Each structure stands twice: as C-alpha cells, then as structure tokens.
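Coordinate analysis (summary)
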Amino acid sequence: MIRRLTAVFVALFFATPVMGQNVSGPAKARATTPEIPFDSAPNFLKLPPGLYMGEGTGVATNSKGHVFAFTRSGETRLFEFDQNGTFVKEFGVGSYGFAFAHAVRVDKDDNIWAVDEGTNVIQKFSPDGKLLMVLGKRPDPLEQVTTMPGGGQYSGANRPYSFHRPTDIAWDPQGNIFISDGYGDSRVVKYDKNGRFVKSVGTRGNGPLQFSTPHAIAVDGKGLVYVADRGNSRMVVLDNDLNQKAVWDTIGAPWAVCISQGPHQYIYSSNSFPTGNNFDQASMTGEIYKMELDGTVLGRFGKAGHGSKEFSAVHQMDCRNADEMYLAEITQWRVQKITLHPQTTRATGGR
Amino acid sequence: MKRIITFMVAAAAVAVGGSLVAQSVPEINYDANADLISLPSYGEVAGVATNSRGNVFVYARTGHAVATLGDERTFYHGGSRLFQFDQNGKFVKEIGQGVYAINFAQQVRVDPQDNIWVVDSGSNSVVKFDPDGRFLLVLGRKGENIGVRPGAGVPASVPDAAARGAGPEGGRGGGGGRGGSGNPGAGINGDSFNRPSDVTWDRAGNVYVADGFGTNNRIAKFTKEGNFVKTFGHTGSGTGQFNQIRGIAADAAGNIYVADAGNKRIQVFDGEGTFKSQIANVGTPQAICVSGGSSQYLYASNSNDPESMDHGEIYKLQLSGQIVGKFGKAGKLPKEFGMVNAIDCRTENDLWVGEVWNWRAQKVTLKK
C-alpha cells in the first residue's frame, strides 16, 4: 500500500510541469549546521494606497540602503523604497521589457538591472530611472502569432545576444556582466561592460559545466562566479573565464544566492520551500545557508512557512550587509527584512 | 603570370571578406545625442521622423500586445505607441491611443504637408494622421482573427489553419491583411498588405507603400486620396523583384528607392515602377532616407542583425549611387547603432536614427 501511494506521488510529481523543484530529502548539511538567531520586519515596505505587491521575485539594495522590489503584480513592476521602507518611485512604467519579473540587482554604481524572463530582456536603469542599456531581444509578437514556440522549455539555442528565460545577473569588479540563462538555455553568458558578447558556457545536464535551471548567479570581489544550479541541487563555482572550479552539493537546491560586501565576504544560498506549497516538503526545505567563499558552511536560518520569520519560496536575496538581509518570497507576497545575530563565526566543517 | 596575380588578388579579396571595399569608403565625422528625447514608455524604436517645425515623432513597440479571450475569435491589439516631442526633445503628446491599427510598430514618416503616417506590420495597415494627430486615412486592413499558440490537445492541423488567420469567411483573415488571396509574391492588387515596412510620396502626392517583409514583395501605389493605382514587383532576386523590402524613399524628381534587404541592394524605379538602376555595395539596407533640400542625398543603414555586433554603419550616397562616406558601427553605447530600423534626414547633416536593439532614437549631426 505504501509502495502504491509512493508511486502515485511520484507520478503526480512528474506530471507537474515545473522544473527544479525536486526535493528528494533534506540538504546534507542541515543536521550538522548550527542555527543562527534572527529577527524579521515582514511589513517593512510601505506601499501607497492602490499599489500592491504581487509575487516577490526580486529584491536588491543600493549603496544608500534603498530597496528595489521587482514583483509580478497585475503587470510586472519595479518599485523603489528608501532605507525606511517608504515608497520612492516606480521604474519603467509600461516598458516593453516587463512581462514576467525574475530578478533585480544593483551594480557598484547604483544602477538597477531588471531581469525579465517573460520578455527575455534585461534593462539597465540609472538611479533616477533612465534606461541606460538593454540586453537581449524580446521575440517579435509578430513572429509568435504564426509560429508560436513551445512553452519556453529547454532549447539550448545558445545565441550570443538573445536569452531564453534568463534568471539573474551579476558583475565582476571590472564591470563585466554575467547572466544565468536560464530555463530555456542552461548556460552562463559573459559580456563586457559595454554589452559586447565575450563567451558563454553550459548545456543542460548534471556533468561538468552543465546546468539544470541555473536560477541565480553572484560574483565575488575576486571575480569568481557562483551559479545556483537549482535543478541539480548544487552550487557551481566558475573562474572569471567561466572554467569550472568547484561544486558544492550539501546545501540543497539553491534558488537564490547573494554575496555580502566588505573585506570579508560571505555567500548565502537559499534551499527554498518550493512554490507548490506542498507542505510535505516543508520539513526538509526553507532554510538559508551562510558560507565562506570556499564553501565552508557557517550556519543556517529560517524554515518553510507563511508566518513571520518563516520563508515561503524565497526567490531572491540581498545581503549587501552580511547581517541585514532582504528576502523576496513568491508564495507569500512580500519582502522580509531580517537581521541576523550570528553567535559564532567558527567554521563547522559542514561541507 | 599576370593571370596568376589577378587570381591571387581576387582570392585575397575574398579572404578578407570584402573589406577592401569598406576600406575605400571615407569615414564621416559625426556627433550623436542619445539623450535628447526620453520615451514616456520604454520599448523598441521602430520609427522616427520629424516634421517641418522640427517636432519628432517616435513609433515604438512598448507595453504588450494583448490577445482577447472569450471572444468568437482570438484578437490581438495594442503593443505599440506613437509619441510626439518638440524640437528640444520635450514630450508633447501621444497620438493614436487605442487606435485599431496600432499593433506592431514598423515605421513612421511625415509627408511634405506635415501629416503623420504610421506603418504597422502587425495590423498590416498604414494610417495617416493630420499634423494635429487627427485620423485622415487608412490603407490595408487588420486581420479579423489572429492565431495564437494553441492549447494542449488541439490537433496539429488546426493551429496551422488558425495561424493563417482563417476567418469567418473561411478565407484568410476575413479579408483582412494577411496577404489577401493571391499566391505569395504574385504581385497582388489592392491594399492587402503583408507586413508592410515603409511609405513614401512623390511630388504629386501619390502614395507608395513598401509591402514588405512578408510574402508580397511588391510596391503598392495609391493616389493621394488613397485609391489603388498599381502594384509592381514580385518575389525573387532578378531586376524588379524583391526579397524582404525594408524601406522606401522618393527623391524630388519622383524616383523611388526601394531597400531590397534580402537581395542586399537598393533598387531605383520611376513612379510607374519602371526599373532604372540598382545600388549593391552598401550591405543589407534595413532603413533608407532621401534628404531634403536642393542637393539631395541617399542614406542607407547596413544594420546589425539581432545576434551580432557586426556592421551597423550608415552610408551616405549621391542619388546616382556613388558612395560619399559612411559613419557609425554596431553597439550599445551612445553614438553606436543597434538594429537601426529608421532614418530621418530632413536636411543633409541633421539625422534622426531609430534603433530596435537599443530602444532609443538618436539625433545625429554629420560634420564636414
């Protein structure tokens, strides 16, 4: 009987057309990793009357502490709030490049980059909201009315200047641009700071330099590239020329990744509670890991759920300050501000 | 021996990919201002044009085209907007909000009387507005039904029929413009456009529609009242044949210049459609323009394709086809060009360039 039920559940799972949500068990590091105490201010962002958050897919801060929320509302919209959570303005109202938000990042010059997986377009905005650069090309709707492609599944097209459901963006200290692309391709693309194609690596799979839904990306101060290979439940570390350097496979499925600033950088990875709201998975997902850049696990925090201090499909994280984080959640329409109180920085050998 | 040397020179020319030609074309110095106008709603700039007062009109693909559901047939609208700016780049107003044919921006041009013409390749329509933005004339017709991606379980043959716009008349798009009933490229009559790309006028006010980059591959001529006169051109690569027409322009003598992009040439005709000459050393002309004034010049953009930063230069030519010089290259920085789809050249040295890749219109000033 149990076996039959299991078979039914397995069949149900594979019938779900969502990639990268396979949860086969808790992350290997979970049991051995100490918990980090923290507080949460879940209603930190104050929207004016008539404006609503939708699915919180993107969050980032600038050097002044302003918070940018990229949300799938009635339309996909990009909001700016100040450091106190007060609404400041909206970016790119009615833009051709907003259809299905995925991620927002702020570069070292405080420009705001919005990654949209609906239009396959990445927009660079100045702090005052002016469009500075466009990466990618939205498929002409004209083409789609007669030759509609499939549902955005993996194609491996690997085109130099077009994306297929891109997921995230990061920069090295020289301003080179790194893009995780994404659902329809399985690759990392590098451009120079002027948007000129340099190279791309990756095909779909679980071998070296292969990815299964590279869902987020971050670059550290030395220019190393960290790819959240969500479907393979691993973090893949690349050098600046996109050669593979390391694989971390003890931290569950990395949905979101961020690296703190300052002389001692930390990397955070979220083994998010999947979007299906399947609470069978709640006990083995939801936590966020704090690590050294060499992959040493320092601690974890949070658990799956809709409540305060609980995390409901964390989709993007900002950790400009290592102990003050913003979390965008899909299945609870919010951005949580959390403050970590790390008790120890002692490495625990969680790798 | 002489023959061998000739052969080697030819081989060398092939090996460098024709750059010998490029080297012989002088570079024109220029300034570009990418910041003069800022779109109220960001998107791909398909068309840019000026009127006699220096006002700038931008036809952009912005927002989203929307397909209605719960209707007798799937219908598609919106997705582009027409903006007007003054000569200093200040936003003046939007024109054509909610207009039936505003769908997928392809081009905007201003005629000698300052009327504003938009060419829309989604609705297969050409719409004329007066200088204040009031509707005057429409050529072509939007399909009544537009196939969209079929749902799961729809037999494979059905979406194919839907994609051709099978309308209530059991034909194509209910008479609306998915190319009419003629065979592809058959030089069909009337105004059943298939992805029209541009419009121009002769001195008498006759209208010439570039039709286009779909299957028609012809020029359709209308009176100034909008009544059909004649059509010329077929699909093909021979004289008077076209493969993807991307632009059209007329000079003061009434000669018609057609950007025959797929054949990498500009063909020149008289107003009756009689072939006169061709210009075939300017790459793939994706946008063209004939300047105003007593001494006219032809401009043609060898725009980059969406997957490269190759080419992108704009050529300046005598009307005879002799190249004067070139300027610019493909890229995303200010002063670079990304998939140029429109050139406005009211005077010889003051141009506006509209870019699909970089979502902007740049004011370009050529220097002596």
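The preceding data block contains the structure.
The model shown is predicted, which means the values in this text are computed figures rather than measured ones. One numbering rule holds for all chains: residues counted from 1, following each sequence as written. Just so you know, chain letters begin at A and ligand numbers begin at 1, following the order they were written in. Totals for whole chains, interfaces and linings use every residue, but because this is a predicted model, local features are given only for residues with pLDDT of at least 70 and side-chain atom pairs only at 80 or more, for both listing and counting. Excluding hydrogens and water, the side-chain figures rest on all heavy atoms present in the structure.

Once that is clear, we can look at the pattern of salt bridges. For this analysis, a salt bridge means a side-chain nitrogen from Lys or Arg found within 4 Å of a carboxyl oxygen belonging to Asp or Glu. Evaluation of the coordinates by the stated rule reveals 34 salt bridges over all chains. The partner of aspartate 323 of chain A in a salt bridge is lysine 290 of chain A, with the nearest N and O atoms 3.9 Å apart. Placement of the pair is aspartate 323 of chain A in the loop between strand 26 (314–321) and strand 27 (324–329) and lysine 290 of chain A in strand 22 (residues 288–292), with a sequence separation of 33 residues. Using a relative accessible area of 31% as the deciding quantity, one classes aspartate 323 of chain A as partly exposed. Between glutamate 355 of chain B and arginine 360 of chain B there is a salt bridge, with its nearest N and O atoms 2.7 Å apart. Three labels apply to residues, based on accessible area from a 1.4 Å probe with only protein chains included: buried if under 20% of the type maximum, exposed if over 50%, partly exposed otherwise in between. What makes glutamate 355 of chain B buried here is its relative accessible area of 0%. Counting from the N terminus, the helices are DSSP H or I runs at least four residues long and the strands are E runs at least two residues long.

Bringing the packing of aromatic side chains into the picture now. For Phe, Tyr and Trp, rings pair up if their centres lie within 6.5 Å, where Trp contributes its six-membered ring, and each pair is then called stacked (planes under 30 degrees apart), edge-to-face (over 60) or tilted (otherwise). For the structure on display, the rule yields 33 aromatic pairs over all chains. With a centroid separation of 5.8 Å and 75° between ring planes, the pair formed by phenylalanine 81 of chain A and phenylalanine 87 of chain A is classed as edge-to-face. A relative accessible area of 0% means that phenylalanine 81 of chain A is categorised as buried. Following the ring pairs from residue to residue traces out a cluster consisting of Phe68, Phe70, Phe91, Phe98 and Phe125 of chain A together with Tyr42 of chain B. By definition here, charges over rings are those cases where NZ of Lys or CZ of Arg is within 6 Å of the ring centre and within 35 degrees of the ring normal. Here the guanidinium or amino end of lysine 332 of chain B rests over the ring plane of tryptophan 357 of chain B, the centre of that ring lying 3.9 Å away.

Considering the arrangement of structural elements, one finds serine 95 of chain A in the loop between strand 5 (87–91) and strand 6 (101–106). Once the C-alpha coordinates of serine 95 of chain A and methionine 291 of chain A are considered, the two residues, 196 residues apart in sequence, prove to be 37 Å apart. If we skip the residues at most four places from it in the chain, serine 95 of chain A touches Gln123 of chain A together with Ser41, Tyr42, Thr62, Gly63, His64 and Trp359 of chain B. We call two N or O atoms a polar contact when they sit within 3.5 Å, provided that within protein one can donate a hydrogen and the other can accept it, with sequence-adjacent residues counted only if both atoms are side-chain atoms. Separated by 2.9 Å, the side chain of serine 95 of chain A and the backbone nitrogen of glycine 97 of chain A make a polar contact. We call two residues in contact whenever any of their non-hydrogen atoms come within 4.5 Å of each other.

A word on the state of the cysteines. Residues and elements named next belong to chain B. Here, two cysteine sulfur atoms that lie within 2.5 Å of each other are counted as a disulfide. Enumeration according to the criterion identifies 2 disulfides over all chains in this entry. Paired by a disulfide, cysteine 289 and cysteine 345 hold their sulfur atoms 1.9 Å apart. Across the disulfide from cysteine 289 to cysteine 345, rotation about the S-S bond amounts to roughly -105°, and the bridge is consequently left-handed. Of the two residues, cysteine 289 sits in strand 22 (residues 285–290) while cysteine 345 sits in the loop between strand 26 (340–344) and strand 27 (350–355), which places them 56 residues apart along the sequence.

Residue and element names in this part refer to chain B. Looking at where asparagine 51 falls in the secondary structure, it is placed in the loop between strand 2 (43–50) and strand 3 (56–62). Judged by relative accessible area, which is 1%, asparagine 51 ranks as buried. At 2.9 Å, the side chain of asparagine 51 forms a polar contact with the backbone nitrogen of arginine 53. The residues contacting asparagine 51, other than those within four sequence positions of it, are Phe57, Val110, Asp114 and Arg346.

Taken residue by residue, the interface counts 34 residues in chain B and 37 residues in chain A. Defined here as a combined quantity, buried area equals the accessible surface (1.4 Å probe) lost by two parts on assembly, summed across both. Looking at the side of chain B facing chain A, the largest losses of area belong to Tyr42, Glu307 and Trp359 of chain B, adding up to 24% of the total buried there. The interface formed by chain B and chain A contains 2 salt bridges. Note that glutamate 44 of chain B and lysine 137 of chain A form a salt bridge whose closest N and O atoms lie 2.9 Å from each other. Where chain B touches chain A, the interface holds 15 residue pairs in polar contact (both at pLDDT 80 or more). For the side of chain B that touches chain A, the secondary structure elements donating two or more residues are strand 2 and strand 3 of chain B. Among the residues making up the side of chain B that touches chain A, the classes are represented as 16 nonpolar, 10 polar and 8 charged. Gly counts as polar in this scheme, as do all residues outside two lists: the nonpolar Ala, Val, Leu, Ile, Met, Phe, Trp, Tyr, Cys and Pro, and the charged Asp, Glu, Lys and Arg.

Attention now goes to the side chain of glutamine 267 of chain B. All names here are of chain B. Secondary-structure assignment places glutamine 267 in strand 20 (residues 265–269). Assessed through its relative accessible area of 0%, glutamine 267 is described here as buried. At a separation of 2.9 Å, a polar atom in the side chain of glutamine 267 contacts the main-chain amide nitrogen of glycine 240. At 3.1 Å, the side chain of glutamine 267 and the side chain of aspartate 260 are in polar contact. When neighbours within four sequence positions are excluded, glutamine 267 is seen to be in contact with Gly238, Thr239, Gly240, Gln241, Phe242, Ile256, Tyr257, Val258, Asp260, Phe275, Ser277 and Gln278.

On to the nonpolar core. For this analysis, a nonpolar core means a set of buried residues of the types Ala, Val, Leu, Ile, Met, Phe, Trp, Tyr and Cys, connected via side-chain atoms within 4.5 Å. In terms of nonpolar packing, the biggest core is built from 33 residues, with Leu78, Ile112 and Phe125 of chain A together with Leu39 and Val58 of chain B touching the most fellow members. Contributing elements (two or more residues each) for this core: strand 3 (67–72), strand 6, strand 7 (112–116), strand 8 (121–125) and strand 9 (131–135) of chain A together with strand 2, strand 3 and strand 6 (80–85) of chain B. One finds Val115, Phe163 and Ile177 of chain A together with Ala330 of chain B within the second-largest nonpolar core, a separate group that totals 19 residues.

For a regular strand, the rule is simple: side chains alternate between the two faces of the sheet. All names here are of chain A. Most of strand 8 is tucked away, with 5 of its 5 residues classed as buried. One requirement defines pairing of two strands: DSSP has to find at least two bridges between them. Examined bridge by bridge, strand 7 and strand 8 share 5 bridges and lie antiparallel to one another. Bridging from a neighbouring strand, valine 115 pairs with isoleucine 122 of strand 8. Turn length for the strand 7-strand 8 hairpin, with the two strands adjacent in sequence and antiparallel, is 4 residues, and the turn residue asparagine 120 shows positive phi of about 60°. Note: strand 8 against strand 9, 4 bridges, orientation antiparallel. If you follow phenylalanine 125 over to strand 9, its bridge partner there is leucine 131. With antiparallel pairing between neighbouring strands as the criterion, strand 8 and strand 9 make up a hairpin whose turn holds 5 residues, including glycine 129 at a positive phi of roughly 95°.

A word on the sheet that holds strand 1 (residues 38–41) of chain A. Residues and elements named next belong to chain A. If you trace the 4 strands from one edge of the open sheet to the other, you get 1-28-27-26, paired in antiparallel fashion. Lying at the two open borders of the sheet, with one neighbouring strand each, are strand 1 and strand 26. The average undirected angle you get between the axes of adjacent strands in this sheet is 25°. Summarising the sheet, strand 27 and strand 28 (residues 334–340) pair through 6 bridges and their orientation is antiparallel. Within the sheet, the bridge partner assigned to leucine 327 lies in strand 28 and is glutamine 336. Lines fitted to C-alpha atoms define the axes, with helix axes restricted to the stretch in contact, and inter-axis angles between N-to-C directions lie between 0 and 180 degrees.

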